[in-house]
Amino acid sequence: MPSSEETPRSLPPFEQVVEEHGRRVLAVCRARVASADVDDAWSETFLAALSAWPDLPGDLDVTAWLVTVAKRKCTDIHRSRARRRTDPVADLPEVVAPGAETDDEGVWRHVAALPDKQRQVITYRYLGGLPYARIVDLVGGSEAAARRAASDGLRSLRDKEIR
Amino acid sequence: MTAETDDLARLHDRLVARAGEVGLIDLAYRAVDSPLGALLLVATEQGAVRLAFEEEGHDAVLADLAERVSPRILRAPRRLDETARRIEDYLGGRSRSLDVPIDLRLLAGYRREVVEALPRIAYGHTATYTEMAGMTGRPRAVRAVGSACANNPVPLLLPCHRVVRSDGSAGGYRGGLQAKRWLLGLEAAGAPAARERLD
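Description of the structure in this document. (Residues numbered from 1 in each chain as written. Chains lettered and ligands numbered in written order. Predicted model: local features only at pLDDT ≥ 70, side-chain atom pairs only at ≥ 80, totals over all residues. Heavy atoms only, no water.)

## Observations concerning the overall build of chain B
- Summing up its helical and strand segments, chain B has eight helices and six strands in all.
- In sequence order, chain B lays out its α and β elements as α-β-β-β-α-β-α-α-β-α-α-β-α-α.
- Looking at chain B as a whole, 51% of its 199 residues qualify as buried.
- Long-range pairs, those at least 24 residues apart, make up 58% of the contacts in chain B between residues at least 6 apart in sequence. (Helix = DSSP H or I, 4+ residues; strand = E, 2+ residues; numbered from the N terminus. Buried < 20%, exposed > 50% of the residue type's maximum accessible area, 1.4 Å probe, protein only. Contact = heavy atoms within 4.5 Å.)

## Description of the interface of chain B and chain A
- Each partner contributes to the interface: chain B provides 27 residues, whereas chain A provides 26 residues.
- Approximately 2,500 Å² of surface area, both sides summed, lies buried where chain B meets chain A, with 58% of it carried by carbon and sulfur atoms.
- Its largest share of buried area at the contact with chain A, chain B owes to L15, P71 and R72 of chain B, together 24% of the area lost on that side.
- Between chain B and chain A we count seven salt bridges in total.
- Two residues, R30 of chain A and E4 of chain B, come together in a salt bridge whose shortest N-O distance is 3.3 Å.
- Among the elements that line the side of chain B that touches chain A, the one with the most residues is helix α1 (residues 3–21) of chain B, at twelve residues.
- The residue inventory of the side of chain B that touches chain A, partitioned by class, reads 14 nonpolar, three polar and ten charged. (Buried area = accessible area lost by both parts, 1.4 Å probe. Salt bridge = Lys/Arg side-chain N within 4 Å of Asp/Glu carboxyl O. Nonpolar A, V, L, I, M, F, W, Y, C, P; charged D, E, K, R; others polar.)

## Quick notes on the pattern of salt bridges
All names here are of chain A.
- Counted by the stated rule, this structure contains 23 salt bridges over all chains.
- The closest approach of N and O atoms between R147 and E143, which form a salt bridge, is 3.5 Å. One end of the pair is R147 and the other is E143, both in helix α7 (residues 143–161) and four residues apart, which spans about a single turn.
- A relative accessible area of 45% means that R147 is categorised as partly exposed.

## Examining the pairing of strand β3 (residues 48–52) of chain B
Residue and element names in this part refer to chain B.
- Counting buried positions along β3 yields five of five residues, so the element is predominantly enclosed.
- With four bridges joining them, strand β2 (residues 39–43) and β3 adopt antiparallel strand pairing. By the bridge assignment, V42 is partnered in β3 with R50. (Pairing = 2+ DSSP bridges.)

## Some thoughts on the sheet that holds β3 of chain B
All names here are of chain B.
- On the basis of which strands lie adjacent, the open sheet formed by four strands has the order β3-β2-β1-β4 and mixed pairing. A single partner strand is all that each edge strand has here, and the edge strands are β3 and β4 (73–75). Here the strands of the sheet are splayed against their neighbours by 25° on average, with no regard to which way each runs. (Axes fitted to C-alpha atoms, helices over the stretch in contact; angles between N-to-C directions.)

Here it is as structure tokens:
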């Protein structure tokens, strides 16, 4: 649920986002991944967006944000295909990079369970693609604290996801 | 329908299924066609949280829920099939009970007590606002009963239409006075009344 913004804002029901942007996201996915992967890229995009939706800043440009998320998801798909072609163990990421988390959509359950600050920073940083300076505007505190929250959050996600 | 529209419909279904699996749908909704017009049924994982009449404006109701409960809202008709079927059976005069899971998180305090007490008025019967006030242990709270009924988030499912004025007239109703009369008529007469649509 939304927490730290002082300006009142209301996010529309997510269904509206799917209706308004489904077509555009489909076009992005079709342009970037093989047709066999389009469905996955589209679903991953909206699933990630749905997970983050209640925490997003009210003034975010939804179209630009969704396109960014879709592009990231497409990159993830390329990456995981490439991984599968090579030795999967040799290529494990050293941290949970923005891409690696998405192989398992269950990760969003863990993101939702993080403490507020970590969850918000991770959401803005890795899903919204916002710079730390902008994140600090939204969640308050210092940039160093935001970086710390992101790294703590990622560490606890990594503990859950990578065994 | 273009192929792309079909693709988007299929992708939407799939998104709903996967979001449901990982517990990301806080509110699922669907429309239910009825003799009282198009109804909007909205549910959490616990049960029906809101039932709205066409007059209330379905989009406005969803926007309000996005703010009050959660904006993680998706149209997920299949998830609500069972409740929709029961509503149809009830409005069609084929069933007298609407025993479905309900989530009263939108209500607190006395309003909630009043709404929870509504099923004590049996099908085909009515109670006055004064009687309801007595039934909930606050005989002087007649006005509060009126406002609780007027703001019942799940009309039909919890039968606020069975609460009437002391002079026997129907009193207000979220779905309009005509709808209230139609429901009282349905319950008084049984199935035959259900065949005429309300227009």
